[in-house]
Amino acid sequence: MTIDAHTHLFPPAQAQAREAIAGRDAGFAEIYGDPAATIADAPALLAALREDGIEAAVALGFAFASERDVAEQNEYLLAAACEAPHAIIPFVTVNPSLDGWEREAARSLARGARGFGELRPGTQGWEPLGPEGRRLAALAGEAGAALLWHTSEPVGHRYPGKHGGVSPAELVEAATAAPEVTMVGAHLGAGASFYLSMPEVRRATPNLLFDTAAGGLLYDSGTIARLVEAAGADRVLFGSDFPLRRPGPELERTLAGLDAATADAVAGENARKRLC
Ligand SMILES: [Zn+2]
């Protein structure tokens, strides 16, 4: 099975209200304020999956500031997954800096959310290792759901949305603090995978995974093989960051040079076992 473990969806109403949302949400403005930044809805994702021969995708939310935007996007993500249950795996958004955020989180889990993401605690102003982060991990753990974190490389070129996620150290510490919870470090984990070469770190983070989303924009072509080497083939998930990147070419690029068993695991078997 092939699964794109990292795609983004917005309801058409939020795409149309892009300017207004950008006016009240700095995090959204940084990534989607530019009208040239593509925003995709469910039909666009399903068409891309069909055309590129990919069976399913994890559809992620955005780290909105306001409760109304969070709720509106989650409503759409969950409805899209209801309409296409075999193709869309819904990860809802959440803002733990808002009062009563747990209500929206619990409501979404009860309606079939398989996880929370793409998490950007820095953008929203909450501590991934603080009470909110621990509470979110506990909620996810109780429901058998996963957390997908935007990870911010501490070095390299700047781009919209680079910062505002978790550092490699925070990712490892969050996974260590809740070892039973499946956690995904997006964008190859910003280097965190190297630290799995420390036996105690690997032992302390049995459910820490990494997706390859937008890897082609950040790292050279040998990096996926190095990630597999450092983390282990069972901890790597193919992701595209659609609509920023097209799933088909990203899948081809990600699997290039991997042996058949590793390619199967990365292309979808890991995601099927750990996220579905
Ligand atoms: Zn993303």
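Residues numbered from 1 in each chain as written. Predicted model: local features only at pLDDT ≥ 70, side-chain atom pairs only at ≥ 80, totals over all residues. Heavy atoms only, no water.

Topic: the nonpolar core
Counting 59 residues, the largest nonpolar core has Ile-88, Phe-116, Leu-147, Trp-149 and Met-183 as the members making the most contacts within it. Broken down by element, this core gets its largest block of residues, 5 residues, from helix 5 (residues 67-83). Contacts of Phe-116, omitting those with residues within four sequence positions, involve Phe-91, Val-92, Val-94, Ala-105, Leu-109, Leu-136, Ala-140, Ala-146, Leu-147 and Leu-148. Within the second largest apolar cluster, 15 residues are counted, among which are Ile-3, Phe-91, Ala-186 and Leu-237. (Core = buried A, V, L, I, M, F, W, Y, C linked by side-chain atoms within 4.5 Å. Buried < 20%, exposed > 50% of the residue type's maximum accessible area, 1.4 Å probe, protein only. Helix = DSSP H or I, 4+ residues; strand = E, 2+ residues; numbered from the N terminus. Contact = heavy atoms within 4.5 Å.)

So, the coordination of the zinc ion
Within the protein, the zinc ion binds to His-6 (NE2), His-8 (NE2), Glu-118 (OE) and Asp-241 (OD); these donor distances fall in the range 2.1 to 2.5 Å. Sequence spacing of the donor residues for the zinc ion, all on one chain, is H-x1-H-x109-E-x122-D. One end of the pair, His-6, is in strand 1 (residues 3-8); the other, Asp-241, is in the loop between strand 8 (236-237) and helix 13 (247-255), and 235 residues separate them in sequence. One exposure class covers both His-6 and Asp-241, and it is buried. (Donors = N, O, S within 2.8 Å, 3.2 Å for Na, K, Ca; no water.)

As for unusual backbone geometry
With an omega dihedral of -5°, the bond running from Gly-117 to Glu-118 counts as a cis peptide bond. Tracing the backbone through its elements, the reader meets Glu-118 in strand 4 (residues 115-119). Residue Pro-243 is bonded to the preceding Phe-242 through a cis peptide linkage, with omega at 5°. In this structure, Pro-243 sits in the loop between strand 8 and helix 13. Backbone geometry at Leu-188 places phi at a positive 65°, although glycine is not the residue there. Look at Leu-188 and you get buried, because its relative accessible area is 4%.

Considering the pairing of strand 3 (residues 88-92)
Of all 5 residues making up strand 3, 5 are buried, and the element is well covered by its neighbours. Of the two faces of strand 3, the one holding Ile-88, Pro-90 and Val-92 and the one holding Ile-89 and Phe-91 are both buried throughout. Bridge count for strand 2 (residues 56-60) against strand 3 is 3 bridges, and the pairing is parallel. By the bridge assignment, Val-58 is partnered in strand 3 with Ile-89. Following the chain from strand 2 across helix 5 to the adjacent parallel strand 3, one finds a crossover that is right-handed. In this structure, strand 3 lies alongside strand 4, joined through 2 bridges in parallel fashion. (Pairing = 2+ DSSP bridges. Right-handed = clockwise from strand over helix to strand, strands pointing away.)

Some points on the sheet that holds strand 7 (residues 208-211)
Strand order in the open sheet formed by 8 strands is 1-2-3-4-5-6-7-8, with parallel pairing between adjacent strands. Across the chains shown, the open sheet's two edge strands, defined by having one partner strand only, are strand 1 and strand 8. Taken together, the 4 bridges between strand 4 and strand 5 (residues 146-149) define a ladder with parallel strand orientation. Note that in strand 5 the partner of Leu-119 across the bridge is Trp-149.

Thoughts on the packing of helix 6 (residues 101-110) against helix 8 (residues 131-143)
The interhelical angle for the contact between helix 6 and helix 8, taken along N-to-C directions, is 20°, at an axis separation of 11 Å. The angle between helix 6 and helix 8 falls in the class roughly parallel. The element helix 6 and its partner helix 8 pack so that their crossing is right-handed. When helix 6 is examined against helix 8, the residues Trp-101, Glu-102, Ala-105 and Leu-109 are found in contact with a partner set consisting of Glu-132, Arg-135, Leu-136, Leu-139 and Ala-143. Of the residues assigned to the contact of helix 6 with helix 8, the class counts are 6 nonpolar, no polar and 3 charged. (Axes fitted to C-alpha atoms, helices over the stretch in contact; angles between N-to-C directions. Parallel < 35°, antiparallel > 145°, perpendicular 65-115°, else oblique. Left-handed = near helix turned anticlockwise from the far one by under 90°. Nonpolar A, V, L, I, M, F, W, Y, C, P; charged D, E, K, R; others polar.)

Description of the pattern of salt bridges
For the structure shown, the criterion picks out 12 salt bridges. Among the salt bridges present, the one from Asp-69 reaches Arg-24, with a minimum N-O distance of 2.8 Å. Taken together, the residues span a long stretch of sequence, with Asp-69 in helix 5 and Arg-24 in helix 2 (residues 18-24) at a distance of 45 residues. On the basis of relative accessible area, Asp-69 is assigned to the buried category, the value being 1%. The exposure class assigned to Arg-24 is partly exposed, which follows from its relative accessible area of 36%. Salt-bridge contacts for Arg-226 lead to Asp-220; the nearest nitrogen and oxygen are separated by 2.6 Å. Judged by relative accessible area, Arg-226 falls into the partly exposed class, the value being 47%. Here Asp-220 falls in the partly exposed class, since its relative accessible area comes to 47%. (Salt bridge = Lys/Arg side-chain N within 4 Å of Asp/Glu carboxyl O.)

Considerations on the packing of aromatic side chains
Applying the stated criterion across every chain, the model contains 11 aromatic pairs. Between Phe-10 and Phe-64 the ring centres are 6.0 Å apart and the planes differ by 85°, which places this aromatic pair in the edge-to-face class. Pair noted here: Phe-10 is in the loop between strand 1 and helix 1 (12-16) and Phe-64 is in the loop between strand 2 and helix 5, with a separation of 54 residues, a long-range link. With respect to class, Phe-10 is no different from Phe-64; both count as buried. Ring geometry for Phe-62 and Phe-64: centres 5.2 Å apart, planes at 75°, overall edge-to-face. Among the residues examined, Phe-62 registers a relative accessible area of 3% and is labelled buried. Residue class for Phe-64 comes out buried when judged on its relative accessible area of 0%. Among the aromatic residues, ring-to-ring pairing joins Phe-10, Phe-28, Tyr-32, Phe-62 and Phe-64 into one connected group. (Phe/Tyr/Trp six-rings, centres within 6.5 Å; stacked < 30°, edge-to-face > 60°.)

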